[in-house]
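Architecture and fold: a report
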Amino acid sequence: MSDGSVVRVAGLGKQYHTAAGPVPALANINLSIYPGEFVAVMGPSGSGKSTFMNILGCLDLPSDGSYFLNGTDVRSLTKDQLAQLRNRVIGFVFQGFNLLSRSTLLKNVGLPLVYAGMGKDERNKLAHGMLEKVGLGKYGDSLPNSISGGQQQRVAIARALINNPRLILADEPTGNLDSNTSREIMDIFSRLNREEGITIVLVTHEPDIAAYAKRLVRFMDGRLAHDGAVDIQEGRAE
Amino acid sequence: MIGAMISEAWHAMGANRLRTFLTMLGMVIGVGAVILMLAIGQGAQFQVDQSISSMGSNLFIILSGASTSGGVRSGSGAVPTLTISDAEALADLPGIAGVAPTLPGQAQIVYGPNNWSTSVLGATPQYFDVRDWKLVSGYPFTESDVRSATRVALVGQTVVKNLFDDEEPVGKTIRIRQSPYLVIGVLSAKGQSLDGRDQDDTVVIPVTTAQTKLFGSQFKGAVRFIMAQATSADAMPSAERSMNQLLRQRHHIQEGAENDFTVRNLTALANAAAETTRVMSLMLGAIASISLLVGGIGIMNIMLVSVTERTKEIGIRIAIGARQRDILMQFLLEAIFISLIGCLIGVATGVGGAILVNKVSGSVVVITLSSIVMAFMVAAGVGVFFGFYPANKAARLEPIEALRYE
């Protein structure tokens, strides 16, 4: 089944069951993402892009079709195996940062390693190294609410990177940030993609953020409306 | 991994100290109450058991004078009462191991400058076998002392303490109602009797000496009561029947007339007392356990609130790779921690309370390791049992919904 893709979805569909009957969120999505790609996902609210990201992130399972992550059909996996994928293969970055407010930055960054079963000393060493990499090496003992939003998002990126994932899923990572800070965050993503070859899939509403990507996927009413090169013109038109 | 989880649980508990403390308080009170009640109950039981074993086993006491049954009581002395020859006859019955006729009285005892009022018991050498009473020094008096009514005495520990200070009593002469008695032995400590009397506050002399030289008697050989020991617990009912029969015959009691003596099964009475205490301590423990249960429900309640409050956090943890069992373990550990620490404080409170009860009321308390171990195991069990439902609820949260929770 492996064709070298990181992500391959075929005939992917998702319905949500409500009291009024099944509501389709995604229908017949076909797409492959290969190692080293930088994909921006756009689309209006309710277009299905969040559902798509949740499925890519193994937080949700498709109703129809199949999703192959590194050639493995995720529907054949147990819950524990899915947890392991989220832990080691995928790195998440969220709009709201989602740091644990009671834990220090060092602990936040090292948390995925806890679930990977790593010992404390090694964990702290790696977490500290990763904080340095995002320019926050001095803040290891601080709590999340004592630093700025941009810094928090950098901590979240450090946490996403700690287990050396090959795929980063970012759900509107700059949505809560001002444009200068957004640029800093996007520079980090670009560098990770360019220098380390990490595959990045990033949801955004903003065309100039999408412009950092090399490929644009656009959703409309649960269907794939566009899949191709980033057309800045098109983005600006939105 | 487990180290990280323990530290997580520790931090989570520290994050809301007041709430954690109040949750623990339920456990503290529960465990404290169980330990305290067990200590008091076991103390009472210990006291009863000790009194029973100090009494001697398979014992009857035969009192002169009739029982009150039927409302008619023929007063003692109206009819021939118990005598030494009654005792001798009883000793020949099958199923009777030993018989000790006794004549108790009260007398002032003097030794040197000290004097002490105590109970003086006229008895026979069998008395020490029947009561299972050993000597710590000297020798008991013999049949020949009884026959010739010699002035010899055995002293109990309380008497020793009050008369002799640090002196060795054996070989000394004490005066009982002015007459000199040679102390030939010291009785071992017996402690309290079931009715709370100090059994060591006594002097034992030959029964004949008591009859003829100390108290005098209404008629020849009269004693106040006879203690009889059955050969075994099984032999007691038939021994009781044959003793009644024999004594009625010896006292010439007509068919249908009241006994002029009473045979009491002391061991049965003691066992009833022991059973009462056992039931009492069981009840105390059971009532205290209810507070332990309430404490456990408190833990479950708080853990449920905690899971709801931390839904978002759980979502984040799931997103970065926590398995269901990791989440389950995290909340379970927290519940177990709360109950174990609560238990620890509860044990300290219970032990402290028991010591306080002992100091204030003077009643015996017995704190056993097993009751502490049991309290601990119950507390851990309560933590797991009442922590499991909330922890399981946390572990089964849907990742997306948990992440979206605000």
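Everything numeric in this text was worked out from a predicted model, so none of it was measured.

A word on the overall build of chain B
Across its full length, chain B carries 13 helices and 10 strands. Taken over C-alpha atoms, the radius of gyration comes to 33 Å for chain B, far larger than the 22 Å a tight globule of 406 residues would show. For chain B, the spread of C-alpha atoms along the three principal axes comes to 100 × 55 × 30 Å. Here the analysis covers contacts within chain B between residues at least 6 apart in sequence; of these, 79% occur between residues at least 24 apart. A total of about 18900 Å² of accessible surface is found on chain B, and carbon and sulfur atoms cover 61% of it.

Re the overall build of chain A
Broken down by element type, chain A carries 8 helices and 10 strands. The globule rule puts the C-alpha radius of gyration for 238 residues at 18 Å, and the 18 Å found for chain A is close to it. By principal-axis analysis of the C-alpha atoms, chain A measures approximately 50 × 45 × 40 Å. A burial count over chain A gives 54% of its 238 residues as buried. A separation of at least 24 residues holds for 69% of the contacts in chain A among residues at least 6 apart in sequence. Looking at chain A as shown, the accessible area adds up to about 10200 Å², and 48% of this sits on carbon and sulfur atoms.

Looking at the interface of chain A and chain B
Each side of the interface is counted separately: chain A has 22 residues, and chain B has 27 residues. In terms of surface lost to chain B, no three residues of chain A exceed Leu59, Arg102 and Tyr115 of chain A, which account for 31% of the buried area on that side. Linking chain A with chain B are 2 salt bridges, by the criterion used here. Residue arginine 102 of chain A is joined to glutamate 313 of chain B by a salt bridge in which the shortest nitrogen-to-oxygen separation is 3.6 Å. Where chain A meets chain B, there are 5 residue pairs in polar contact (both at pLDDT 80 or more). Elements that contribute at least two residues to the side of chain A that touches chain B include exactly helix H2 (79-88) and helix H3 (105-115) of chain A. Among the residues making up the side of chain A that touches chain B, the classes are represented as 10 nonpolar, 4 polar and 8 charged.

Here we look at the pattern of salt bridges
All names here are of chain A. Tallied over the entire structure, the rule returns 15 salt bridges over all chains. Note that aspartate 60 is salt-bridged to lysine 14, the shortest N-O span being 3.2 Å. Of the two residues, aspartate 60 is situated in the loop between helix H1 (49-56) and strand S4 (64-69) and lysine 14 in strand S1 (residues 7-18); the sequence distance between them amounts to 46 residues. Using a relative accessible area of 9% as the deciding quantity, one classes lysine 14 as buried. Linking arginine 215 and aspartate 227 is a salt bridge whose minimum nitrogen-to-oxygen distance equals 2.9 Å. Here aspartate 227 lies in strand S10 (residues 223-229) and arginine 215 lies in strand S9 (residues 215-220), a separation of 12 residues in the sequence.

Regarding the packing of aromatic side chains
Residues and elements named next belong to chain B. This structure, assessed with the given rule, holds 8 aromatic pairs over all chains. For the ring pair tyrosine 111 and phenylalanine 164, a centre distance of 4.5 Å and an interplane angle of 35 degrees mean the geometry is tilted. A residue pair is termed long-range when its members are at least 10 positions apart, and tyrosine 111 in strand S2 (residues 96-111) and phenylalanine 164 in helix H6 (residues 157-164) qualify at 53 residues. Across this residue pair, the class does not change: tyrosine 111 and phenylalanine 164 are buried. Directly above the aromatic system of tyrosine 181 lies the positively charged group of arginine 151, at a separation of 5.9 Å from the ring centroid.

Comments concerning the domain arrangement of chain B
The figure often quoted for interface size is the accessible area lost as the parts come together. Assigned domains of chain B: these are domain 1 (2-52 + 272-404) and domain 2 (80-252). Distance between the C-alpha centres of domain 1 of chain B and domain 2 of chain B: 55 Å.

Quick notes on the environment of isoleucine 62 of chain B
Residue and element names in this part refer to chain B. You can see isoleucine 62 is positioned in strand S1 (residues 59-64). Residues isoleucine 62 and glycine 98 lie 36 residues apart in sequence; the distance between their C-alpha atoms is 13 Å. Excluding anything up to four places from it in sequence, isoleucine 62 contacts Leu82, Leu90, Arg224, Phe225, Ile226, Ala228, Met243, Leu247, Phe261, Thr262 and Val263.

Observations concerning the nonpolar core
Within the largest apolar cluster, 77 residues are counted, with the highest numbers of intra-cluster contacts made by Val7, Val9, Phe52, Tyr67, Leu69 and Val201 of chain A together with Val31 of chain B. Counting residues per element, this core draws most heavily on helix H11 (residues 324-361) of chain B, which supplies 11 residues. Ignoring anything within four residues of it in the chain, the contact list for leucine 69 of chain A reads Val6, Val7, Cys58, Val74, Leu85, Val89, Ile90 and Leu167 of chain A. Membership of the second largest hydrophobic core comes to 67 residues, among which are Phe60, Val204, Ile205 and Ala210 of chain B.

Describing the packing of H3 of chain A against helix H5 (residues 149-161) of chain A
Residue and element names in this part refer to chain A. Packing of H3 against H5 brings their axes to within 7 Å, and their N-to-C directions diverge by 30 degrees. In terms of their interaxial angle, H3 and H5 are classed as roughly parallel. Where H3 crosses over H5, the two elements pack in a sense that is right-handed. On H5, the residues that touch Leu105, Asn108, Val109 and Pro112 of H3 are Val155, Ala158 and Arg159. Residues of the contact of H3 with H5, tallied by class, amount to 5 nonpolar, 1 polar and 1 charged.

Some remarks on the sheet that holds strand S5 (residues 72-73) of chain A
Residues and elements named next belong to chain A. Taken in spatial order, the 4 strands of this open sheet run S2-S1-S4-S5, and their pairing is antiparallel. Only two strands of the sheet have a single partner each, and these edge strands are strand S2 (21-33) and S5. In this structure, S1 lies alongside S2, joined through 9 bridges in antiparallel fashion. Bridge pairing in S2 links lysine 14 to leucine 26.

Focus: the sheet that holds S9 of chain A
Residue and element names in this part refer to chain A. Ordered by their spatial adjacency, 6 strands build an open sheet running S6-S7-S8-S3-S9-S10, and the pairing between neighbours is mixed. Every interior strand has two partners, whereas the edge strands, strand S6 (90-93) and S10, have only one. Taken pair by pair, the neighbouring strands of this sheet meet at an average axis angle of 15 degrees, ignoring direction. By the bridge criterion, 5 bridges tie strand S7 (residues 167-171) to strand S8 (residues 199-203) in an arrangement that is parallel. Following the sheet pairing, leucine 169 is matched in S8 by valine 201. The strands that H5 touches are S6 and S7; relative to S6, the one it contacts most, it runs at about 170 degrees.

Structural notes on the environment of glutamine 108 of chain B
All names here are of chain B. Looking at where glutamine 108 falls in the secondary structure, it is placed in strand S2. Residue classification places glutamine 108 among the partly exposed positions, given a relative accessible area of 38%. Taking C-alpha positions, glutamine 108 is 91 Å from arginine 404, a pair spaced 296 residues apart along the chain. A polar contact is formed between the side chain of glutamine 108 and the side chain of asparagine 115, at a distance of 2.7 Å.

Structural notes on unusual backbone geometry
The backbone phi angle of glutamate 172 of chain A is positive, close to 45 degrees, even though this residue is not glycine. Under the relative-accessibility criterion, glutamate 172 of chain A is labelled buried at 15%. Unusually for a residue other than glycine, glutamine 178 of chain B sits at a positive phi of about 80 degrees. Following the sequence through the fold, glutamine 178 of chain B ends up in the loop between strand S6 (173-176) and strand S7 (179-187).

Criteria and cut-off values
- Residues numbered from 1 in each chain as written.
- Chains lettered and ligands numbered in written order.
- Predicted model: local features only at pLDDT ≥ 70, side-chain atom pairs only at ≥ 80, totals over all residues.
- Heavy atoms only, no water.
- Helix = DSSP H or I, 4+ residues; strand = E, 2+ residues; numbered from the N terminus.
- Rg over C-alpha atoms; globule rule 2.2 N^0.38 Å.
- Contact = heavy atoms within 4.5 Å.
- Areas by Shrake-Rupley, 256 points an atom, 1.4 Å probe, with all protein chains shown as cover.
- Buried < 20%, exposed > 50% of the residue type's maximum accessible area, 1.4 Å probe, protein only.
- Buried area = accessible area lost by both parts, 1.4 Å probe.
- Salt bridge = Lys/Arg side-chain N within 4 Å of Asp/Glu carboxyl O.
- Polar contact = N/O pair within 3.5 Å; in protein donor to acceptor, adjacent residues only side chain to side chain.
- Nonpolar A, V, L, I, M, F, W, Y, C, P; charged D, E, K, R; others polar.
- Phe/Tyr/Trp six-rings, centres within 6.5 Å; stacked < 30°, edge-to-face > 60°.
- Lys NZ or Arg CZ within 6 Å of the ring centre and 35° of its normal.
- Domains from an automatic or database assignment.
- Core = buried A, V, L, I, M, F, W, Y, C linked by side-chain atoms within 4.5 Å.
- Axes fitted to C-alpha atoms, helices over the stretch in contact; angles between N-to-C directions.
- Parallel < 35°, antiparallel > 145°, perpendicular 65-115°, else oblique.
- Left-handed = near helix turned anticlockwise from the far one by under 90°.
- Pairing = 2+ DSSP bridges.

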